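Structure assessment
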Amino acid sequence: MTTTPFGFPERPEILRSTRVVTPDGVRPAAVHIADGRITAVTPPAAVAAGPRVIELGDLALLPGVVDTHVHVNEPGRTEWEGFATATRAAAAGGVTTIVDMPLNAIPPTTSVAALAAKRAAAAGQIAVDVGFWGGIIGADIGDLAQLAALHDDGVFGFKAFLAPSGVAEFPHVPMEVLAVAVDRAARLGALTVVHAESPSVLAGAPPVAGRTFASWLASRPPAAETEAVAGLAALSAATGARLHVLHLSAAGALDDVLTARDAGIALTVETCPHYLTFTADEVPDGATLYKCAPPIRGERNRDTLWQGLAEGLFVGVVTDHSPATPARKALDSGDFAQAWGGIASVQLGLAAVWTQARCRGHDLAELARWMCTGPADLVGLGRKGRIAPGADADLAVIDPDGSFVVDPAKLAHRHPLTPYAGRTLYGVVRATYLRGERVDGDRPPRGQLLSR
């Protein structure tokens, strides 16, 4: 491997690599940067060697990852995670933009006042750029009064749960109320994103039995997702509204996604690194670090998700970073019924997906489309997620062939708990640049608060 003799400077003018991931594919190129933007992408031979040119050799230059599904939890549950720790972890993993979910902070982001509280909590301590989702809650249509005000104040869309969210202050929404909310959001030109599990299917599933992962899996059957996704596809078809399915786990729902796409229905879907990495049979009983909702499923399901990804059925791969305290993860008891459901992975998502992708024959261009361009386009961030003139100079320098063993002590999120511990991953992040300036823990945070 060839590495730069100059290290990774704070503000490079030109980065030259044999593997620059552009919208046209992976190719040798020189990326020119000025005033925080990419000004040109030229053939490498067009730039003479010199002190302005940072030679990356065969280290790859990717767009900064855009993670549109992150739970920061501040304010209100900052002991679980906060803006400083979450964004440092993001930067360490090559992520340059996150969009924060409206729960599990207190108050949830369901009003303009709550959004202001979020922004105040984040100000001055974010290492990467941060935007916000608004929330749709409750069983009463009257609860939707804040949607237009939140939209005007710059949220990137609205999140709803069809099934209980796990926190009392963010109740789920019946489908008839969601239909009204979606119609209102569509009139605003806003995207609605949905945790898609059918409450009626979940109500009929067997209860969780203590330490047994198989019982957690049985309590969230694939039918809960497939029924919910079918209902959302029908709702999008009836209203013309843009709907997005969050963290799809059940591969069987991809049939409805394909049908909707072919019919021109405005339904999109994402999945997560843990569904593309782990399988249910490898989760030991009592290993609550693997608990998430929807759950990690079987090997055939995982392989079908990869097939859907290869066929373009997913708009992106995002982490659903959702950390909690060791006590909330019930590490002592290993009780899946009591443990918080969420996997902390914002620092590891890029490497986790690349590890699986490379052995399945996928390339860096596909990785960037899944984790950078696709999520950025989903939320309308046209200057993010791509290496092209006019885009923000948000960049990740990675060694695609380098590997590391996940050491929880080296993770930057608040509680270094992860099911990836001890796992070998490929794709070592060597440097992260935000608007042309290197991000590291020794410099003051310089992320910006984003509005739609």
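Please refer to the structure higher up on the page.
Notes on the structure in this doc start here. (Residues numbered from 1 in each chain as written. Predicted model: local features only at pLDDT ≥ 70, side-chain atom pairs only at ≥ 80, totals over all residues. Heavy atoms only, no water.)

As for the environment of Glu227
Just so we agree on the cut-off: Helical segments are the DSSP runs of H or I of at least four residues, strand segments are the runs of E of at least two, and each set is numbered from the N terminus.
Its place among the elements puts Glu227 in helix 7 (residues 222-239). Sequence spacing of Glu227 and Ala196 is 31 residues, and the spatial spacing of their C-alpha atoms is 8.6 Å.

Quick notes on the sheet that holds strand 7 (residues 129-132)
Spelled out, the test is: When DSSP locates at least two bridges between a pair of strands, those strands are taken to pair. Helix axes use the C-alpha atoms of the stretch in contact, all axes being lines fitted to C-alpha atoms, and the angles between their N-to-C directions lie in the range 0 to 180 degrees. In this description, contact between two residues means that some pair of their heavy atoms is separated by no more than 4.5 Å.
With parallel pairing, the three strands of this open sheet are ordered in space as 5-6-7. At either margin of the open sheet sits one strand with a lone partner, and together these are strand 5 (65-70) and strand 7. On average, adjacent strands in this sheet sit at an angle of 20° to one another, irrespective of strand direction. Strand direction decides the pairing type here: strand 5 and strand 6 (residues 95-100), joined by four bridges, are parallel. Across the sheet, the residue bridging to Val65 is Val95, located in strand 6. Each of strand 6 and strand 7 touches helix 1 (residues 83-92); the most contacted strand, strand 6, lies at about 140° to it.

Observations regarding helix 12 (residues 364-378)
Our working rule: Expected span, for any helix, means 1.5 Å times one less than how many residues it has. Fitting one axis to the seven residues ending at a residue and another to the seven starting there, the bend at that residue is the angle between the two axes. Partly exposed residues are those whose accessible area sits between 20% and 50% of the maximum for their type, while under 20% is buried and over 50% is exposed, using a 1.4 Å probe and protein chains only.
With 15 residues, helix 12 extends 20 Å from end C-alpha to end C-alpha; this agrees with the ideal 21 Å at 1.5 Å per step. At Trp370, helix 12 is bent by approximately 35°, the largest bend along its length. The complete set of buried residues in helix 12 reads Leu364, Ala365, Glu366, Leu367, Ala368, Trp370, Met371, Cys372, Gly374, Pro375, Ala376 and Leu378. One or two positions beyond helix 12, positive phi appears at Gly380, with a value near 80°.

Notes on the nonpolar core
This is how it is decided: We define a nonpolar core as any set of buried Ala, Val, Leu, Ile, Met, Phe, Trp, Tyr and Cys residues linked to one another through side-chain atoms lying within 4.5 Å.
Core analysis: the largest hydrophobic core is formed by 97 residues, its most contacted members being Leu178 and Leu232. Apart from the residues lying within four places of it in its own chain, the contact partners of Leu178 are Ala160, Leu162, Val173, Thr192, Val194, Leu232 and Leu235. Core analysis: the second largest hydrophobic core is formed by 18 residues, Ala29, Val31, Leu61 and Leu395 among them.

A look at the packing of helix 4 (residues 175-188) against helix 7
The criterion, for reference: Oblique is the label for any angle not under 35 degrees, not over 145, and not in the 65 to 115 range, which are roughly parallel, roughly antiparallel and roughly perpendicular in turn. Each crossing gets its handedness from the near helix: less than a right angle anticlockwise from the far helix is left-handed, clockwise is right-handed. Classes in brief: Ala, Val, Leu, Ile, Met, Phe, Trp, Tyr, Cys and Pro nonpolar; Asp, Glu, Lys and Arg charged; the others, Gly included, polar.
Contact geometry for helix 4 and helix 7: axes closest at 11 Å, N-to-C directions at 40°. The pairing of helix 4 with helix 7 is recorded here as oblique in orientation. For the crossing formed where helix 4 meets helix 7, the hand is right-handed. Across from Met175, Leu178, Ala179 and Val182 in helix 4, the residues of helix 7 making contact are Gly231, Leu232, Leu235 and Thr239. When its residues are assigned to classes, the contact of helix 4 with helix 7 shows six nonpolar, two polar and no charged.

Quick word on the pattern of salt bridges
Rules: By salt bridge we mean one thing: a side-chain nitrogen of Lys or Arg within 4 Å of a carboxyl oxygen of Asp or Glu.
For the structure on display, the rule yields 29 salt bridges. Here Asp392 makes a salt bridge to Arg37, at a shortest N to O gap of 3.2 Å. Linking Asp392 in the loop between helix 12 and strand 14 (395-405) with Arg37 in strand 3 (residues 37-42), this pair joins segments that are 355 residues apart in sequence. Residue Asp392 is classed as buried on the basis of its relative accessible area, which comes to 5%. Residue classification places Arg37 among the partly exposed residues on the basis of a relative accessible area of 31%. A salt bridge links Glu225 to Arg297; its shortest N-O distance comes to 2.9 Å. With Glu225 in helix 7 and Arg297 in the loop between helix 9 (273-277) and helix 10 (299-310), this residue pair connects regions lying 72 residues apart in the sequence. Here Glu225 and Arg297 have matching classes, each one buried. Through salt bridges that share partners, Glu10, Arg11, Glu437, Arg438, Asp440, Arg443 and Arg446 make up one connected network.

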